[in-house]
Amino acid sequence: MTDPGASGADVVIVGAGVVGTAIARTLAGYVLDCVLVDAAPDVGTGTSKANTAILHTGFDAKPGTLESRLLSRGSALLREYAAATGIPVEYTGALLVAWTSEQFAALPGLEENARRNGYLAARLIGVRELYLREPALGPGALGALEIPDEAIICPWTTPLAFATEAVGAGVGLLLGTGVTGVSAASDEVHELATTRGVLRGRWVVNAAGLGSDVIDRMFGGDGFTIRPRRGELIVFDKLARALLRSILLPVPTARSKGVLVAPTVYGNVLLGPTAEDVPDRSDTATTAAGLESLMAAGRRILPGLGDEEVTATYAGLRAATEHADYQIRIDGARRYACAAGIRSTGLSASLGIAEHVVGLLGEAGLPLRPRSSVVALPRMPYIGEAGRRPYQDAELIAGDGAYGQIVCHCERVSRGEVRDALASPVPPADLGGLRRRTRAMNGRCQGFFCAAAVSRLFAEAGRRP
């Protein structure tokens, strides 16, 4: 393994999920040699790719917490960033629906909670307005709290955009490289043992998600333990999209935000998640009991879901800890920072977390000298349904016929998009990575018809599917 210099990188960021990539692109704005490292073969492969893809306002966070502050700040930053880089976002708004008298009685408190968090647009709506807004809603709802600024976002393009910007600014990206130990090579340099050799760095930022407590203990920490919380989800076919207009949220509990029904930026409908603590940090299997409970909840919320086709099921693991708040801390003497316990709000809060962590690094002694030239923002391929896709762009196709050659018919993915993804600054390492960049094999047939053609393109680009 080659270091950026004889003494190693200025900063090594461990973990290339949405938080780690956000920290990397924020540090890339300064005159620093940085390396982003992850054990996985691609960016955004853990919790970052398997979540509900909601761009939260932070209205329901606990006031006064670090999560509340960074979620509010991060949400605002991400909305601006998404607009500038082409990350798919749809501003659907959300309705937090009360189904019982106890839930209905909790709505004013949730409205006040939102106000304490600085979100002033929440408002209570009655039954008549609720059913006018969502006519397919199941019977028995008593009212709702409207959150007009909740949105849906692409969870795949977001960390990819952060990583693309970071790499474009000179950040080294080492994937398939797990950190297995750490020692002090000198008073100024850490030596990180990895599965691909030794990596040196003066400062280390731990954004390792589900493995963050393991990395933290390598640096002498013992303040938290990751307790993986599995969330199973069901994806319905695009024909179900007409059933709802808004994100339909449940009244949250202390344990979980509960089961929601939401549109996705890809045109599908998402139902979930469950919330189950599991001992295995790699256990992303779905279960019969979990999926049955979701279907029962879905039929109560939107009875029409029972007649719709299921496209896919999946499960993600949230990096919960024994603490209710984010675990973000810095040890200046050890030149070490930790961003852990981010749970389900990491996507929305990612840029706020990155801004906060980098600020702490500067206060602890990391020299933060802004680059004289502005780092160019990437313009990401648009894979949502609300904007124009390549197959719809006659001018683009006239200039390059590959954009008119459909490879994945379910998702209308063109040969040109696959080609571009394979030649991008952060290319996919496997077919899963290609799916997250283009939507190929993500439709109703789940690759049954297009996998051979997509695999052939992968092989023609000199890669192994």
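S.K.: How should I be thinking about the overall build of the protein in this particular structure?
M.R.: On a plain count of helices and strands, the protein comes out with 12 helices and 22 strands. Counting across all 465 residues of the protein, residues that qualify as buried make up 55%. In the protein, 72% of the contacts between residues at least 6 apart in sequence involve partners at least 24 apart. A gap of 2 Å separates the mean positions of the 47 positive and 48 negative side-chain charges of the protein.

S.K.: Looking at this structure, I do not really get the state of the cysteines. What am I missing?
M.R.: Working definition of a disulfide: a covalent bond connecting the sulfur atoms of two cysteines. In the structure shown here, the tally under the stated rule is 0 disulfides. Left without a disulfide partner, Cys34 is nearest to the cysteine sulfur of Cys338, which lies 18 Å away.

S.K.: What is the right way to look at helix 3 (residues 101–116) in this model?
M.R.: With 16 residues, helix 3 should reach 22 Å at 1.5 Å per residue; the first-to-last C-alpha distance of 24 Å fits that figure. Turning to helix 3, its buried residues number three or more, namely Leu107, Leu110, Glu111, Asn113 and Ala114. Of the residues trailing helix 3, Gly118 is marked for its positive phi of about 90°.

S.K.: Would you mind showing me how to read the pattern of salt bridges here?
M.R.: A side chain of one charge can pair with a side chain of the opposite charge when the charged atoms of the two come close. Evaluation of the coordinates by the stated rule reveals 26 salt bridges. When the shortest N-O distance is used, the salt bridge between Arg230 and Asp283 registers 2.9 Å. Taken as a pair, Arg230 in strand 13 (residues 229–236) and Asp283 in the loop between strand 17 (276–277) and helix 7 (288–301) lie far apart in primary sequence, 53 residues in all. Overall, the relative accessible area of 5% leaves Arg230 in the buried class. A relative accessible area of 23% means that Asp283 is categorised as partly exposed. Notably, a salt bridge pairs Glu411 with Lys238, separated by 2.6 Å at the nearest N-O pair. Taken together, the residues Glu411 in the loop between strand 21 (406–408) and strand 22 (413–414) and Lys238 in the loop between strand 13 and strand 14 (247–250) connect sequence positions 173 residues apart. What makes Glu411 buried here is its relative accessible area of 1%.

S.K.: Would you mind showing me how to read helix 8 (residues 346–364) here?
M.R.: What sets the pattern is the α-helix's 3.6 residues per turn: residues three or four places apart point alike. At Gly352, helix 8 shows its largest kink, close to 35°. Counting buried residues along helix 8, 14 of its 19 residues qualify, which places the element largely inside the surrounding structure. Of the residues trailing helix 8, Gly365 is marked for its positive phi of about 120°.

S.K.: What should I look at first to understand a nonpolar patch on the surface in this one?
M.R.: On the surface, Phe104, Val127 and Leu142 cluster together into a nonpolar patch covering about 230 Å² of accessible area. Its location among the elements puts Phe104 in helix 3.

S.K.: What am I meant to see in the pairing of strand 14 here?
M.R.: On any regular strand, side chains alternate: one points to one face of the sheet, the next to the other face. Residue alternation in strand 14 divides its side chains into two sets, Ile247 and Leu249 and Leu248 and Pro250, and both sets are buried. Taken together, the 4 bridges between strand 5 (residues 94–98) and strand 14 define a ladder with parallel strand orientation. The residue of strand 14 that forms the bridge with Leu96 is Leu249.

Cut-offs used in this document
- Residues numbered from 1 in each chain as written.
- Predicted model: local features only at pLDDT ≥ 70, side-chain atom pairs only at ≥ 80, totals over all residues.
- Heavy atoms only, no water.
- Helix = DSSP H or I, 4+ residues; strand = E, 2+ residues; numbered from the N terminus.
- Buried < 20%, exposed > 50% of the residue type's maximum accessible area, 1.4 Å probe, protein only.
- Contact = heavy atoms within 4.5 Å.
- Lys, Arg positive; Asp, Glu negative; His and termini not counted.
- Charge placed at Lys NZ, Arg CZ, Asp CG, Glu CD.
- Disulfide = S-S within 2.5 Å.
- Expected span 1.5 Å × (residues − 1).
- Salt bridge = Lys/Arg side-chain N within 4 Å of Asp/Glu carboxyl O.
- Bend = angle between axes of the 7 residues up to and from the residue.
- Patch = residues over 30% accessible without salt bridge, like charges linked within 9 Å, V, L, I, M, F, W, Y side chains within 5 Å.
- Areas by Shrake-Rupley, 256 points an atom, 1.4 Å probe, with all protein chains shown as cover.
- Pairing = 2+ DSSP bridges.

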